[in-house]
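Structure at a glance
Read off the chains here:
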There are 4 protein chains.
Amino acid sequence: MKLDPESIAEYNQTQLEGHQRKLSYWTQEVAKAEPVIQKLIDFQIAIPSWALGTGGTRFGRFPGGGEPRSLEEKIADVGLLHALNRASGAISLHIPWDIPTDPNAIRQLAAQHGLRFDAVNSNTFQDQLDAQQSYKFGSLQHTDPAVRRQAIEHNIEVIRHGVALGSDALTVWLSDGSCFPGQLNFRKAFDRTLSSLEEIYAALPNDWKLFVEYKAFEPNFYSMTVGDWGSSFLYANKLGPKAYTLVDLGHHLPNANIEQIVAILLHQGKLGGFHFNDSKYGDDDLTAGSIKPYQLFLIFTELVDGLDARGMNHATDLGWMIDASHNVKDPLEDLLQSVEAIQIAYAQALIVDREALEDAREANDPVRAQEILQDAFRTDVRPLVAEARRRAGASLNPLGLYRQLNVRQQLIGERGAKTVTTGL
Amino acid sequence: MKLDPESIAEYNQTQLEGHQRKLSYWTQEVAKAEPVIQKLIDFQIAIPSWALGTGGTRFGRFPGGGEPRSLEEKIADVGLLHALNRASGAISLHIPWDIPTDPNAIRQLAAQHGLRFDAVNSNTFQDQLDAQQSYKFGSLQHTDPAVRRQAIEHNIEVIRHGVALGSDALTVWLSDGSCFPGQLNFRKAFDRTLSSLEEIYAALPNDWKLFVEYKAFEPNFYSMTVGDWGSSFLYANKLGPKAYTLVDLGHHLPNANIEQIVAILLHQGKLGGFHFNDSKYGDDDLTAGSIKPYQLFLIFTELVDGLDARGMNHATDLGWMIDASHNVKDPLEDLLQSVEAIQIAYAQALIVDREALEDAREANDPVRAQEILQDAFRTDVRPLVAEARRRAGASLNPLGLYRQLNVRQQLIGERGAKTVTTGL
Amino acid sequence: MKLDPESIAEYNQTQLEGHQRKLSYWTQEVAKAEPVIQKLIDFQIAIPSWALGTGGTRFGRFPGGGEPRSLEEKIADVGLLHALNRASGAISLHIPWDIPTDPNAIRQLAAQHGLRFDAVNSNTFQDQLDAQQSYKFGSLQHTDPAVRRQAIEHNIEVIRHGVALGSDALTVWLSDGSCFPGQLNFRKAFDRTLSSLEEIYAALPNDWKLFVEYKAFEPNFYSMTVGDWGSSFLYANKLGPKAYTLVDLGHHLPNANIEQIVAILLHQGKLGGFHFNDSKYGDDDLTAGSIKPYQLFLIFTELVDGLDARGMNHATDLGWMIDASHNVKDPLEDLLQSVEAIQIAYAQALIVDREALEDAREANDPVRAQEILQDAFRTDVRPLVAEARRRAGASLNPLGLYRQLNVRQQLIGERGAKTVTTGL
Amino acid sequence: MKLDPESIAEYNQTQLEGHQRKLSYWTQEVAKAEPVIQKLIDFQIAIPSWALGTGGTRFGRFPGGGEPRSLEEKIADVGLLHALNRASGAISLHIPWDIPTDPNAIRQLAAQHGLRFDAVNSNTFQDQLDAQQSYKFGSLQHTDPAVRRQAIEHNIEVIRHGVALGSDALTVWLSDGSCFPGQLNFRKAFDRTLSSLEEIYAALPNDWKLFVEYKAFEPNFYSMTVGDWGSSFLYANKLGPKAYTLVDLGHHLPNANIEQIVAILLHQGKLGGFHFNDSKYGDDDLTAGSIKPYQLFLIFTELVDGLDARGMNHATDLGWMIDASHNVKDPLEDLLQSVEAIQIAYAQALIVDREALEDAREANDPVRAQEILQDAFRTDVRPLVAEARRRAGASLNPLGLYRQLNVRQQLIGERGAKTVTTGL
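Residues numbered from 1 in each chain as written. Chains lettered and ligands numbered in written order. Predicted model: local features only at pLDDT ≥ 70, side-chain atom pairs only at ≥ 80, totals over all residues. Heavy atoms only, no water.

1. Let's talk about the overall build of chain A
- Across its full length, chain A carries 15 helices and 13 strands.
- Over its C-alpha trace chain A gives a radius of gyration of 22 Å, about what one expects of a compact globule, namely 22 Å for 424 residues.
- A total of about 13,200 Å² of accessible surface is found on chain A, and carbon and sulfur atoms cover 48% of it. (Helix = DSSP H or I, 4+ residues; strand = E, 2+ residues; numbered from the N terminus. Rg over C-alpha atoms; globule rule 2.2 N^0.38 Å. Areas by Shrake-Rupley, 256 points an atom, 1.4 Å probe, with all protein chains shown as cover.)

Below, the structure written as structure tokens:
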């Protein structure tokens, strides 16, 4: 299905008065509403193609209906989200789940929805049906050069697909590691992984970036070969200037201070991109901002500060993506909630009184510093986010409109109740 | 395949001299070898039917070959393990994965292998193909009475299957909970779960036990309705004298002192059974003793002490089961390693000088108490475990013989390289 | 020093216009502002006497100046806080740090400040200079009956002091436990602790409550004898109807779902009181709401819901106290921030649309349930909190006024720059 | 007191027969006993001067008696340990707690005990009585250049003291960080810390090393400026070839894979030294090997492997030190237990069949790899450790002799029951 632009305009009309009242209160109180609104309009968060269907755990999966059955339908779904919120203007593909048979047609289709192609993702954590080699014991780290070769070639092929679609980054997430003490020679695993990454790096077009993602545990439960930011940084540094660390919020040990990691990586010029989600225990892949919204705000506080300090463009100089798993929510609703939570955190970070904050810091005044941060966090910035949407042609309330239009029912009607999308 | 008893005798002959030498050193040094050996012979650990195939994670599964294709083949596999180690004399079935069409025949088959049927396990964490109701939002806690009804009836049916097989306990593990703050009314979820359990409890034969298993997280990532020992104890206490708490080593928050939990539950008369495995991060379901062997020993130290204090029978008054997932190891080899690690921990716990330990405790002498525990833990009890096996007719080295006989290759020959067993 | 009421009125006058503007926007949008404001006025949070000085860690302590040198000065400090926010109308004493030589005079002094005496706290985690017995190896759990006797008598003495002051509850926090595996017989430690608590319980006046506090770790680093809510509940249940569990937010293992614990305890009629603080790693004792404000809100959501379900009075039927350690902030400023964060969380919990939330829950609609909760959390309730303060005669901005009046400088002038208060 | 060498010989005589029996069994079974014994003789673990007295927590301290009252008595205590085990031949001083007024005399005294001076430690986490500047808000990271200057000068002074004593390394542990979100500008804190470290590095003698220690949390409870191995590595790398990372086992987030960190750092040529202790929750500073002995073994497995791979000397090319806090044990007994646990782990790591292990790894055989590691771990290597002690002139059973000689009672007789040593 495609959203009728009229329906957005009509819906907004019914919400407009309340919105204006809230907004006018806002603009009365706060001077810098305008630049915040503009930054919100510019800020786009990529949607991964694998997050459009119901997710699951090793214990099972409870699919909903109307899930996309093809790459075209995935693009349609992201197009729908983008039509609703004008903040999801990119899609991140996963190979081999999303191999485009006709890249030009796919590019055109995406363009019709106003979407560009974000980082492409390789997959060496599963065995494909026709695979010669198995990744049971790793891919880029594998003891057998033939397995490494297959994994390297796969990544280079992913780059080729990405080039054809106009993407400009490759995200490498490795599940490589070990499940038991003794299983792995850590040194050799490191060297083999590095050497494999070097071959992939060499195949990277000049204007591309390579994102090295790290993860503390799962699916390997003793060691992960790219297990923390320190390891990822080490690899990225050895690879060269086009290699960066990618931070996924769910990929840390308990209690990690992620905002400090972000600040350090940005300060060292090695932060490349972001996977948003939320979690309480591990890589729970829950809706962004659903568990620790203050942490999300603190991360954005560091991002805004660090990007500004380096004169970087908020919207384009880092890769922004959601990476979540929708086990009990309608995937599209979950994504709408995630995008909104990210926008709220970003807006709150933008209204932090930076000058006062630096003053408080230099004066070693943690009470004042906390007041300044929490003043921004406690402020209800939703009118700004809604206004940014309105100006961009989106719905004042994407989720509300989604439900009012019975989108899921329409999708089930089109695609059936038992469709299963590829992905996790 | 079935193991030729001759092959065990022959193998043991080749190992006997070395074994005798080690054992004689042992019996020279330590007086109480004999009772320990006898207790080891009596101690049997149930094998769950779902642990006979390759496990997986949400990211994938890398099956090996020769996996059992039927309940009969699962029994054959456990029979094989038991023939090798004479310590795996029970099998724990899971319904609906293992519904026996002819219970008498199945019972006979098991008896031929020297196996009895341990606790039966219900499954309300997955939707079966023909199910009327979905467990997407829970089972015994569900807001809809029809879902609860289906889940209750399923549990009662599981009891019926168990009765037919000669089992005498039902293990209820609930994945019920919530993924997001707000999703669940904790009070109502508690009351509904309790009320559902009461109906199941009412259907329990007089000589049966009900094990209420708890788990901190996964597959629900915000709350679990039976989330910790306190909750499980609360349910078990309200249900009555046939209800007990079941402890799975992997179902705790980070850093939990499991041995203390075990001691308290045993002291309160509410410890019912055990699921052995090991883990570093969450419910990693690794080989018992592969990550924290000292913790396993400390748990057995409390078990032995607590069972003795209540005059309970080590071998029969608690349910002992392995619950692991074999993602990268041959499942049968993994189980052999688990059983051996459990036996070692048990043997070490048995040789602790209890009297001296109590003296040290009463004297508030943690240095001496630690010396006493670690003296037992540092002692190499493997000759005792091997001797117990030898006397019971098992292999002195089960894993060694398994490999020498190329069992996995034989199973692949019989069953094929691409079989997939039911289960996780 | 004592705050001149005039100064509050004057200060409020300068803030009034802005406040009215924000408030009128609020009352325009939301119908139920009035009952929320009234509940906020009634809600009082006790201040512990030991939180009025600079806290420290085992690595050191960096005292500020002007700390209270006596019980009288501690009462004056709490009086000051209460004058500023009219929400800190109770003080919680700690014996032996705060033994009142003339209880009547102390009672009168407190009354002059509008303060009542909250739960009294015993101390068996430190050795006093004149003590006959040492708590090095525990107190109520101790192997030596003479140590238990001393600890029991001390608790009974604390009750006597509390009676003299008009308090009506005793909080027992035990550091009892063990630092090393083997050190403790868990069963005996449980029984001895229970037996000791029974003696204390027997000495409790009829209208008193006994709060059994639990803590996962520190200062014992292997086991704590009252280590989790399950243990505390077990003790409280065995003791009788006047015994309750007390929850301190920082006393849990990583990732614990505290709001669920609160809901269960309240549902079982065994939640007695609360210690507010915040933490990232352990018992960090940071300012309430400074690390995880959403968790604080979720806890209040359960509290409000659970109290209402049992027809309990929010303000009086549970004990509310801050328990924090001020290592780098001015203690009084820290407490003002904590109280405000608690009030905000409480107000947000009060405006949750309960009916809609129950609807969403019954409909298994986690998307809607989250929207409802987050709508309340994202709402800026600070105008309501400020209005509650204004009506109660407090400052619209307690921290702002505190700083404007240079309270700390005045206290240093009165008391000196090098004072050290008793406590942690 | 000084130990009479005769007493060791006499004691050993009483133990000799049993020891010989155990050892002969050992040497019969295992070929490589001799080189292991030699390596154990060479391996010395430094004792920190602050670990000779009773430790404590923020909640209190329960001192024992006979604690050293001066640097001379601290050296005597380490000398006593070394006489007992011949494996504690170094002492690590802490400035300003141990400022030697006459370095030559101190050097001579140490030499008489067979001790050398290990890394010297600076202290910028406490304010000294005569300090001009306060470290309340950090030292090397401080916003105020005067504070940084004081901290830099202090470190340079510590180097001077170290040079005078014949030490050749400086350990810098910084408690710098922040307690609250917002308090710190992470970038500036990083740059200031680096710049301060550069000045200290510049003052380092040519043959010295600088150890940059990291810690995840405590005493700062929101962020630590050198918070993980990645940060420490970053600093060490920027500083130059004399700078290394120091690993303290208790300074990690929950569930961290420390052995992998060790392997990576060693592989990158940046591992400098080690602080041994054990923990369950945080920086619990318990006896080495008392909680997770298998982890200790796994770490040594990586150390031995990594050192050998780089052709490094086990005994001298890394700094080995205990860093523990003795809250409930006699400090000297605790240290004897720690040293023994470390020796056992080291000996077990030395007997791992490396060739077979590498074979198993290359064959992706985690079952066999685990068997190989656990075979070494399950072996009782205590006879080898005892033999190494015997040959070096130490007691076959240091703790046994310590107790038999009533050393603590003698020390109390000499020094009194109420002495308090400097330190934590």
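2. A word on the interface of chain D and chain C
- Counting residues at the interface gives 44 residues for chain D and 44 residues for chain C.
- The junction of chain D with chain C conceals about 3,900 Å² of combined surface from both sides, 68% of it contributed by carbon and sulfur atoms.
- Area buried by chain D at its contact with chain C is led by R58, F59 and F62 of chain D, which between them contribute 23% of it.
- Taken together, the connections running from chain D to chain C amount to six salt bridges.
- Measuring nitrogen to oxygen at the nearest pair gives 2.9 Å for the salt bridge that ties D285 of chain D to R58 of chain C. (Contact = heavy atoms within 4.5 Å. Buried area = accessible area lost by both parts, 1.4 Å probe. Salt bridge = Lys/Arg side-chain N within 4 Å of Asp/Glu carboxyl O.)

3. What to know about the interface of chain D and chain A
- Each partner contributes to the interface: chain D provides 52 residues, whereas chain A provides 52 residues.
- Carbon and sulfur atoms make up 55% of the area that chain D and chain A hide from each other, which totals about 4,600 Å².
- Where chain D touches chain A, the interface holds eight salt bridges.
- The salt bridge partner of E362 of chain D is K188 of chain A, with a shortest N-O separation of 3.8 Å.
- When the residues that make up the side of chain D that touches chain A are grouped by side-chain class, the tally is 23 nonpolar, 17 polar and twelve charged. (Nonpolar A, V, L, I, M, F, W, Y, C, P; charged D, E, K, R; others polar.)

4. Some remarks on the relation of the copies chain D and chain A
- In the superposition of chain D on chain A (RMSD 0.0 Å, axial shift 0.0 Å), the rotation amounts to 180°. The two molecules are tied by a two-fold rotation axis, judged by turn and shift. Taking the C-alpha atom as reference, chain D places G230 of chain D closest to the rotation axis, 2.0 Å from it.
- Mapped onto chain A, 100% of the interface residues of chain D again fall at the interface, so both copies present the same surface. (Least-squares fit on C-alpha atoms with pLDDT ≥ 70 in both.)

5. Concerning the relation of the copies chain D and chain C
- Superposing chain D onto chain C takes a rotation of 180° plus a shift of 0.0 Å along the axis, which leaves an RMSD of 0.0 Å.
- A shared binding surface is used by both copies, with 100% of the interface residues of chain D retained as interface residues in chain C.

6. Structural notes on the nonpolar core
- By size, the foremost hydrophobic cluster in this structure holds 526 residues, and its most contacted members are F300 of chain A, F300 of chain B, F300 of chain C together with F300 of chain D.
- Discounting residues that sit within four places of it in the chain, F300 of chain C has contacts with F43, F276, W320, I342, A345, Y346 and A349 of chain C.
- One finds Y281 of chain A, F217 of chain B, A256 of chain C together with Y281 of chain D within the second-largest nonpolar core, a separate group that totals ten residues. (Core = buried A, V, L, I, M, F, W, Y, C linked by side-chain atoms within 4.5 Å. Buried < 20%, exposed > 50% of the residue type's maximum accessible area, 1.4 Å probe, protein only.)

7. As for helix α12 (residues 366-378) of chain A
- Taking 1.5 Å per residue, 13 residues should reach 18 Å; α12 of chain A reaches 17 Å between its end C-alpha atoms and fits that length.
- Across the 13 residues of α12 of chain A, ten count as buried, placing the element largely inside the fold. (Expected span 1.5 Å × (residues − 1).)

8. Side note on unusual backbone geometry
- The peptide bond linking I95 of chain A to P96 of chain A adopts the cis configuration, its omega dihedral lying at 20°.
- Assignment of secondary structure puts P96 of chain A in the loop between β4 (90-92) and α4 (103-112).
- With an omega dihedral of 10°, the bond running from E218 of chain D to P219 of chain D counts as a cis peptide bond.
- Note that P219 of chain D resides in the loop between β9 (209-213) and β10 (223-224).
- Even without glycine at this site, D285 of chain C takes up a positive phi of about 55°.
- Tracing the backbone through its elements, the reader meets D285 of chain C in the loop between β12 (271-276) and α9 (293-309).

9. Thoughts on the environment of Y294 of chain D
- Residue placement: Y294 of chain D occurs in helix α9 (residues 293-309).
- Remark: the alpha-carbon pair of Y294 of chain D and Q370 of chain D, spanning 76 residues in sequence, is separated by 12 Å.
- Not counting the four nearest positions on each side in its chain, Y294 of chain D is found in contact with P181 of chain A, S290, I291 and P293 of chain B together with L373, Q374 and F377 of chain D.

10. Describing the pattern of salt bridges
All names here are of chain B.
- Evaluated as defined, the whole model comprises 116 salt bridges over all chains.
- Here R149 ties to E153 by a salt bridge, and the two come within 3.4 Å at their closest N and O atoms. Of this pair, R149 and E153 both sit in helix α5 (residues 145-165), four residues apart, which is roughly one turn of the helix.
- Overall, E153 belongs to the partly exposed group, its relative accessible area being 38%.
- Ionic pairing is found between D283 and K215, a salt bridge with its closest N-O pair at 2.8 Å. Here D283 is found in the loop between β12 (271-276) and α9 (293-309), whereas its partner K215 is found in the loop between β9 (209-213) and β10 (223-224), with 68 residues between them in sequence.
- The exposure class assigned to K215 is buried, which follows from its relative accessible area of 1%.

11. A short note on the sheet that holds strand β9 (residues 209-213) of chain A
Residue and element names in this part refer to chain A.
- Taken in spatial order, the six strands line up as β6-β7-β9-β11-β12-β13 in an open sheet, and their pairing is parallel. Across the chains shown, the open sheet's two edge strands, defined by having one partner strand only, are β6 (120-121) and β13 (319-322).
- Of the strand pairs in this sheet, β6 and strand β7 (residues 169-173) are connected by two bridges, and their pairing is parallel. From the neighbouring strand, V120 faces β7, where its bridge partner is L170.
- On the sheet, helix α9 (residues 293-309) packs against β12 (271-276) and β13 and is oriented at approximately 155° with respect to β12. (Pairing = 2+ DSSP bridges. Axes fitted to C-alpha atoms, helices over the stretch in contact; angles between N-to-C directions.)

12. Some thoughts on the packing of helix α10 (residues 331-350) of chain C against helix α13 (residues 382-391) of chain C
All names here are of chain C.
- At a minimum axis separation of 9 Å, α10 and α13 run at an interaxial angle of 115°. The two elements α10 and α13 meet at a crossing, and its hand is right-handed. Taken together, the residues of α13 that come into contact with α10 (itself represented by E340, Q343, I344 and A347) are R382, V385 and R389.
- In terms of residue class, the contact of α10 with α13 is built from three nonpolar, one polar and three charged. (Left-handed = near helix turned anticlockwise from the far one by under 90°.)

13. A closer look at the side chain of D305 of chain C
- Among the structural elements, D305 of chain C can be located in helix α9.
- Every residue in contact with D305 of chain C, bar those within four places of it in the chain, is listed here: N185 and R187 of chain B together with R354 of chain C.

14. Side note on the sheet that holds strand β9 (residues 209-213) of chain C
Residues and elements named next belong to chain C.
- The six strands are arranged β6-β7-β9-β11-β12-β13 in an open sheet whose pairing can be described as parallel. The open sheet is flanked by β6 (120-121) and β13 (319-322), the only strands paired with a single partner.
- The pairing of strand β11 (residues 243-248) with β12 spans four bridges and is classified as parallel. By the bridge assignment for β12, D248 is matched with H275.
- In the packing of helix α7 (residues 229-239) onto the sheet, the strands contacted are β9 and β11, and the crossing angle to β11 comes to about 160°.

15. Thoughts on the packing of aromatic side chains
- One pass over the full model with this rule turns up 84 aromatic pairs over all chains.
- Taking the centre distance of 6.0 Å and the plane angle of 70° together, the rings of F43 of chain A and F300 of chain A count as edge-to-face. Of the two residues, F43 of chain A sits in the loop between α2 (33-42) and β1 (47-48) while F300 of chain A sits in helix α9, which places them 257 residues apart along the sequence. The exposure classification of F43 of chain A matches that of F300 of chain A, with both residues buried.
- Taken together, F43, F274, F276, F300, W320 and Y346 of chain A form an aromatic cluster joined through their ring pairs.
- A cation over an aromatic ring shows up here: K270 of chain A above the ring of Y244 of chain A, its NZ or CZ 5.5 Å from the ring centre.
- Residue placement shows K209 of chain D over the ring face of Y244 of chain D; its charged tip is 5.3 Å from the ring centre. (Phe/Tyr/Trp six-rings, centres within 6.5 Å; stacked < 30°, edge-to-face > 60°. Lys NZ or Arg CZ within 6 Å of the ring centre and 35° of its normal.)

16. Some words on the packing of helix α3 (residues 71-85) of chain B against helix α10 (residues 331-350) of chain B
Residue and element names in this part refer to chain B.
- Running from N to C, α3 and α10 cross one another at 45°; their axes reach a closest spacing of 11 Å. As judged from the angle between their axes, α3 and α10 are oblique. Judged by the twist between their axes, the crossing of α3 over α10 is right-handed. Seen from α3, the contacting residues are D77, L80, L81, L84 and N85; seen from α10, they are L332, L335, L336 and V339.
- Within the contact of α3 with α10, the residues separate by chemical class into seven nonpolar, one polar and one charged. (Parallel < 35°, antiparallel > 145°, perpendicular 65-115°, else oblique.)

17. Re the pairing of β9 of chain C
Residues and elements named next belong to chain C.
- In terms of residue burial, β9 counts as a mostly covered element, since four of its five residues are buried.
- One ladder, built from five bridges, connects strand β7 (residues 169-173) with β9; its direction is parallel. Looking at β9, one finds that A169 is bridged to K209.
- Bridging between β9 and β11 involves four bridges; their strand directions are parallel. Directly across from E213, in β11, lies its bridge partner L246.

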